[in-house]
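Here are the chains, one letter per residue:
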Amino acid sequence: MSSETTHRPLVAILSGAGISTDSGIPDYRGPQGLWRRDPEAEKLVTYEYYMTDPEIRRRSWLMRRDSETLRARPNGAHEAVARLERSGVPVRVITQNVDGLHQIAGMPARKVLELHGTARAVRCTHCQARSGMAEALERVAAGEADPVCRECGGILKSATVMFGESLDPDVLTEAVAVARACDIFIAVGTSLQVQPAASLAGLAAEHGARLIIVNAEPTPYDGLADEVVREPISVALPAVLDRIAVGDGG
């Protein structure tokens, strides 16, 4: 059997907020997104405001407490990604989401690059100690409006990348390497407007990958795409990935 016959394409999946809306997590940047409806809410996830204003921190902890993110469950799109990986196709997920739903659906954590961190953990801004978000929220429920680090007394924040913070350079470097090496790059549920994540789509296309965009709204990279799919993600993505699983990338 020839090596050409046995080759399994490396599939990179860049996922944005749109993949998780069917799990009950709102799209922050879409037409009805939270940032458009309530620009003041951005302050709750802006590093400078968070670090200098105790009231912002208190409101941020209440937002985390009330968020659907930790209660959400994977939907059919997340499950389709994990199913493709289990089929033996090499898959790497690069996600702009902080919900951890790819891993809960069954994607090995080592194959998921979380560009914007995770909402399922907290870290100390002083000593960098990490702990679980659930534990921190238990402290909030017990009456600590702005819980501090138990190691050093420093300010705690979610282990997400807030506005005003830089992405983890190691995670970004690995994401760039995946974009350059992949055979198929699928951008799903992302506006492809937030850099540097959006540029990964162009980088993949530039290095010869087949670019597939699954998104309800037009993106700046649609003109580069080999295929643009506008159908609902929970239906469209499983169909695209099942096609790839049987060897039809096109």
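Residues numbered from 1 in each chain as written. Predicted model: local features only at pLDDT ≥ 70, side-chain atom pairs only at ≥ 80, totals over all residues. Heavy atoms only, no water.

This part is about the domain arrangement of the protein chain. Domains assigned within the protein chain are domain 1 (1–24 + 72–115 + 165–249) and domain 2 (30–66 + 118–159). A C-alpha centroid distance of 28 Å is found between domain 1 and domain 2. Listed as interface residues are nine residues of domain 1 and, on the opposing side, seven residues of domain 2. The three residues of domain 1 that bury the most area against domain 2 are Val 98, Glu 114 and Glu 165, which together make up 66% of that side's buried surface. Across the domain 1-domain 2 interface, the total number found is two salt bridges. (Domains from an automatic or database assignment. Contact = heavy atoms within 4.5 Å. Buried area = accessible area lost by both parts, 1.4 Å probe. Salt bridge = Lys/Arg side-chain N within 4 Å of Asp/Glu carboxyl O.)

A few words on the UniProt feature "binding site: Zn(2+)" (unreviewed entry) in the protein chain. In the numbering adopted here, UniProt assigns the feature "binding site: Zn(2+)" (unreviewed entry) to Cys 124, Cys 127, Cys 149 and Cys 152. These annotated residues cover 29 residues of sequence, but their C-alpha atoms sit close together, with the largest distance between any two at 8.6 Å. Mapped onto the secondary structure, Cys 124 falls in strand S4 (residues 117–124). Residue classification places Cys 124 among the buried residues on the basis of a relative accessible area of 0%. The contacts of Cys 124, once residues within four sequence positions are left out, are Ala 129, Cys 149, Cys 152, Gly 154, Ile 155 and Leu 156. Of note, Cys 149 is situated in the loop between helix H7 (133–141) and strand S6 (156–160). Judged by relative accessible area, Cys 149 falls into the buried class, the value being 7%. Apart from the residues within four sequence positions on either side, Cys 149 is in contact with Cys 124, Cys 127, Ala 129, Gly 154 and Leu 156. (UniProt positions renumbered as here; feature names shortened; annotations may be inferred. Helix = DSSP H or I, 4+ residues; strand = E, 2+ residues; numbered from the N terminus. Buried < 20%, exposed > 50% of the residue type's maximum accessible area, 1.4 Å probe, protein only.)

Attention shifts here to the nonpolar core. Across soluble globular proteins, nonpolar side chains have a tendency to be buried as a group. Of all hydrophobic cores here, the largest spans 26 residues; its most connected members are Ile 186, Leu 237 and Leu 241. Within the residue set of this core, elements represented by two or more residues are strand S1 (11–15), helix H5 (76–86), strand S2 (91–95), strand S7 (184–188), strand S8 (210–214) and helix H10 (233–245). Discounting chain neighbours no more than four positions away, the residues touching Leu 241 are Ile 13, Ala 80, Val 81, Leu 84 and Ile 186. Ala 197, Ala 204, Ala 209 and Leu 211 belong to the second largest nonpolar core, which has 25 residues in total. (Core = buried A, V, L, I, M, F, W, Y, C linked by side-chain atoms within 4.5 Å.)

It is worth spelling out the sheet that holds strand S5 (residues 130–132) at this point. In spatial order, the strands read S5-S4-S6; together these three strands make up an open sheet with antiparallel pairing. The two strands at the open ends of the sheet, each matched to only one other strand, are S5 and S6. Taking each pair of neighbouring strands and ignoring which way they run, the sheet shows an average axis angle of 45°. Bridge count for S4 against S5 is three bridges, and the pairing is antiparallel. Opposite Val 122, over in S5, you have Ser 131 as the bridge partner. This element, H7, spans S4, S5 and S6 of the sheet and lies at about 70° to S5. (Pairing = 2+ DSSP bridges. Axes fitted to C-alpha atoms, helices over the stretch in contact; angles between N-to-C directions.)

One pass over the full model with this rule turns up 13 salt bridges. Arg 230 is paired through a salt bridge with Asp 222; the nearest N and O atoms lie 2.7 Å apart. A relative accessible area of 36% places Arg 230 in the partly exposed class. We note a salt bridge from Arg 243 to Glu 227, for which the minimum N-O separation is 2.8 Å. Linking Arg 243 in helix H10 with Glu 227 in strand S9 (residues 227–229), this pair joins segments that are 16 residues apart in sequence.

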